[in-house]
Amino acid sequence: MKSEHLSEVRICFVGESFVNGTGDPECLGWTGRICVDANKKGHDITYYNLGVRRETTTELKKRSLREISYRLPKEYDGRVVFSFGVNDTYFENGKTRVSTVNSILNTRQILTEAKKLYPVLMVSPPPVADKEHNQRISDLSKQFTLICKRLDIPYLDVFSKLESSTIWMDDVKNHDGAHPNKAGYQEFAEIVKNWDSWLNWFPSV
């Protein structure tokens, strides 16, 4: 019954293809799955997926605040979850698409601007099937950890857990080398939906 629901929460998930849920035949990804889980527990969530394939922090910096603020007017209980970084570290034309220095600067700006207006969480980028690329993702994730610590934003390292997950890694290898199928996204979702910082957004019904 509607009366049993807590007040509505509107959440924007901002990032690239992993936020979008690319590769999932159920079109939920990890973001949709954690919202389904929260809704089943009685929480009233309006879910906005702002994942754009191949996007780097350079593009995200240009669009994120504009798109978030349009969907989360001040009169509503708006929250934001960020997750990105894989595309920044992708090797193209002999170098990464975005330098580490610029990734750090872009991320700091994206998070700082959002935090002034909304509660913010950040989830690390996940691993892919390429070992050398994973090292670059891992290195960038460590930089994100430091940025979030300075800004007092909760940061969840899913990279380490998913890298040791045969479900995730096999799904990625058997698909396109980057994105999993529904089993991999379910594995990703299980980590996030049990994260204290996510659960703290939703008091027990």
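As the structure is a prediction and not an experimental result, all values here were calculated from the model.

About the cut-offs
- Residues numbered from 1 in each chain as written.
- Predicted model: local features only at pLDDT ≥ 70, side-chain atom pairs only at ≥ 80, totals over all residues.
- Heavy atoms only, no water.
- Buried < 20%, exposed > 50% of the residue type's maximum accessible area, 1.4 Å probe, protein only.
- Helix = DSSP H or I, 4+ residues; strand = E, 2+ residues; numbered from the N terminus.
- Pairing = 2+ DSSP bridges.
- Core = buried A, V, L, I, M, F, W, Y, C linked by side-chain atoms within 4.5 Å.
- Contact = heavy atoms within 4.5 Å.
- Salt bridge = Lys/Arg side-chain N within 4 Å of Asp/Glu carboxyl O.

Observations regarding the pairing of strand β3 (residues 78-83)
Right, so step 1: The buried count for β3 comes to 6 of 6 residues, which makes it a mostly enclosed element.
Right, so step 2: Pairing geometry for strand β1 (residues 9-15) and β3, over 6 bridges, is parallel. Residue pairing for β3: Val14 is matched across the bridge by Phe82.
Right, so step 3: Pairing of β3 with strand β6 (residues 120-123), which is carried by 3 bridges, proceeds in the parallel orientation.

Quick look at the nonpolar core
Right, so step 1: The biggest cluster of nonpolar side chains holds 33 residues, and the ones touching the most others in it are Ile11, Phe13, Trp30, Val81, Val192 and Trp198.
Right, so step 2: Every element with two or more residues in this core is listed here: β1, α1 (17-20), α2 (29-40), β6, α6 (159-163), α7 (166-174) and α8 (182-193).
Right, so step 3: It is α8 that contributes the most residues to this core, 5 residues altogether.
Right, so step 4: In contact with Val81, not counting residues within four places along its chain, are Ile11, Cys12, Phe13, Val14, Trp30, Leu121, Val123, Trp198 and Trp201.
Right, so step 5: Cys12, Val14, Ile68 and Ile147 belong to the second largest nonpolar core, which has 22 residues in total.

Describing the pattern of salt bridges
Right, so step 1: Applying the stated criterion to the full structure yields 12 salt bridges.
Right, so step 2: The network of salt bridges with common partners includes Asp24, Glu26, Arg33 and Lys182.

Read these as geometric descriptors, not functional statements.
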